[in-house]
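So you can see what is in the structure, the chains are spelled out below.
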There are 2 protein chains.
Amino acid sequence: MSFALSGLWPPVSTAFRADGALDTERTVAHSKRLLADGAHGLAILGTTSEANSLTLDERRRVIDAHIEAGVEGKRLLPGTGASALDDAVALTRRAGEVGAAGVLLLPPFYYKKVSDEGIFRFVAQLIERVGAKVPKLMLYHIPPVAVVGWSLPLVQRLREAFPEVIMGMKDSSGDFEVTKNFIEGLPGLSIFPGAEVNLLRLLKLGAAGCISATANVNARAIRQLLDTWQKPEAEQTQEQLREVRAAVEKYVMIPALKVILAERYRDAGWKGVRAPLMPVPEAQQKELLAEPAVKKLLEPVAA
Amino acid sequence: MSFALSGLWPPVSTAFRADGALDTERTVAHSKRLLADGAHGLAILGTTSEANSLTLDERRRVIDAHIEAGVEGKRLLPGTGASALDDAVALTRRAGEVGAAGVLLLPPFYYKKVSDEGIFRFVAQLIERVGAKVPKLMLYHIPPVAVVGWSLPLVQRLREAFPEVIMGMKDSSGDFEVTKNFIEGLPGLSIFPGAEVNLLRLLKLGAAGCISATANVNARAIRQLLDTWQKPEAEQTQEQLREVRAAVEKYVMIPALKVILAERYRDAGWKGVRAPLMPVPEAQQKELLAEPAVKKLLEPVAA
């Protein structure tokens, strides 16, 4: 099957300076490493990227810094969702201007128990206000964090109303059956599981790719599974992905990934996160780096 | 008992123009009417105000518009919480500059299952960054919407660390026992129930006042209860408050209040809400306005 968007799009971790300021240089350097490791593109400004701890202006700067550093717009899939429509419009428009492959759109997530009709209007108004350069939308479903989510009937309705704009979904429900339902209920759309735990099974069902937090540290292997999922060795690759995920998941995911990045890049500054997230405590950092699956990740790769 | 902040502070509904643009003029006019109706001050930019559907700049404009229209800073209690620390800092600083009575601070609400330590650091950094003019903080507890909340031990710790800054809490848990625990566990702090349903009981326990959505349409009666809660007629006033609340709660609260405001001000434009909220359907508007408790609200008041 051919998809409008496919492959590996890591949700890029965002680097901060010691004083908490956004560090676009180190962030972009990490992005380039991910592309070198086999990522098809970069899902910058997602949940893993701590995008919701960035101001609107900082989020714009993350997009711009990638372009200025020579990353092609078509390699970018920025998160542009916000509770306030006009914030989402501003960021989505910027993504369109730089020629992004698409944007990852959270539903407006402050008000709860809102109707599908209300979310539909939010998206319809977004598309209208962004105007001619509206990029393709990947709807970002992450109920464990955003609580508000996208129902299948809502996505089907959006697709019918905006067939040129709705490109697909990232499903971070963490629920195999939910992802399966999206794949089966939205034929032709690009459905990206938000984790690699069941990636092989979901690729067989018709998933288009993967946008997973652990791709920040395990991009090569996830890419390998995406390239070889129809081959016999795929089961073994899937098993390695699961082991890495299980090791990292013993800790709080976002700061834990940064501990591994700090080790990989020999740059302790990578450990910084913004409140309300907390760095991994010193003792746990050692445990994490001593996890067999993590140690293997950090072994030098033959060139 | 004497509190740093007490009385009736309605969470002011925000008016929009037909095209969805913020209408500060009509919003401020409503604020002035609430003060005339007996409000001690104005909890602008809360959940009922749809503050999280406003951009940061719009929220700043709501504060400034009140000042420019002659409302004293000490009559304002703006909501200044945000997922991104620097957004909360910017708005809290503005509130401090205009001499606000305090600010209502949501915890950072995007990331879930965060630690009390992480939220503590968020607040500590906020206070430090806002600097000398930091206004008093009212911690805003509204788990049904924000999901992330303030635990009693966290508030106690914040109070110990920042005794000059932590003024109190608004508790919109909607759970009598939770409010009671906050009152009992935080003696001397200004605890405001986020609804008037159990206001009389909570005033007897030591609540300092009330910040309730329905104060947008029922300010006089809530004020009356606050003034007379130690008198025999208080039970009857409490019953009226309950009836109004029960009538409005049959509908979606935020748009339902605007239907009543539209009727009161003879200004259909008041009905507008921002997506993802939806206006009350036409048929339901009629039902709402026909509710006996609501009809009584709309009767002309003897001057």
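Residues numbered from 1 in each chain as written. Chains lettered and ligands numbered in written order. Predicted model: local features only at pLDDT ≥ 70, side-chain atom pairs only at ≥ 80, totals over all residues. Heavy atoms only, no water.

## A short note on the pairing of strand β3 (residues 137-141) of chain A
Residue and element names in this part refer to chain A. We apply this condition: Per-residue accessibility, obtained with a 1.4 Å probe over protein chains only, is compared with the maximum for each type, and a residue is labelled buried under 20%, exposed over 50%, and partly exposed between these values. Only runs of H or I of at least four residues qualify as helices and only runs of E of at least two qualify as strands under DSSP, and these elements are numbered from the N terminus. In this scheme, strands are said to pair when DSSP sees at least two bridges between them. The handedness of a crossover follows from its direction of travel: if, with the strands pointing away from the viewer, the path from the first strand over the helix to the second runs clockwise, the crossover is right-handed.
Where burial is concerned, most of β3 is hidden: five out of the five residues are buried. Residues of β3 alternate between two faces, with Leu-137, Leu-139 and His-141 on one and Met-138 and Tyr-140 on the opposite face, all of them buried. Of the pairings in the sheet, the one linking strand β2 (residues 103-105) to β3 comprises three bridges and is parallel in character. Its bridge partner being in β3, Leu-104 is matched across the sheet by Met-138. Since β2 and β3 lie parallel, the crossover through helix α4 (residues 116-130) that links them has a hand, and here it is right-handed.

## Focus: the relation of the copies chain B and chain A
What counts here: Least squares is the method for superposing the copies, and the C-alpha atoms it fits come from residues with pLDDT of at least 70 in both. By definition, residues are in contact when any of their heavy atoms lie within 4.5 Å.
Each copy superposes on the other: chain B lies on chain A with an RMSD of 0.0 Å after a rotation of 180° and an axial shift of 0.0 Å. The two molecules are tied by a two-fold rotation axis, judged by turn and shift. Looking at chain B, 100% of its interface residues are interface residues in chain A too, so the copies touch through the same face.

## A few points about the nonpolar core
Note the following rule: Among buried residues, those of type Ala, Val, Leu, Ile, Met, Phe, Trp, Tyr and Cys that are joined through side-chain atoms within 4.5 Å constitute a nonpolar core.
Among the nonpolar cores identified, the biggest contains 180 residues, and Leu-137 and Trp-150 of chain A together with Leu-137 and Trp-150 of chain B are the most heavily contacted of them. Look past the residues within four positions of Trp-150 of chain B in its chain and what remains in contact with it is Leu-105, Leu-106, Pro-107, Ile-119, Val-123, Leu-139, Tyr-140, His-141, Val-155, Leu-158, Met-169 and Phe-182 of chain B.

## Here's the deal with the pairing of strand β4 (residues 166-171) of chain A
All names here are of chain A. Extensive coverage of β4 is indicated by the burial of six of its six residues. As judged from the five bridges shared by β3 and β4, these two strands associate in the parallel manner. Counted as the bridge partner of Tyr-140 is Lys-170 from β4. In terms of strand pairing, β4 meets strand β5 (residues 190-193) through four bridges, oriented parallel. In the strand pairing of β5, Gly-168 is matched with Ser-190. With helix α7 (residues 176-185) bridging β4 and the parallel β5, this β-α-β connection has right-handed handedness.

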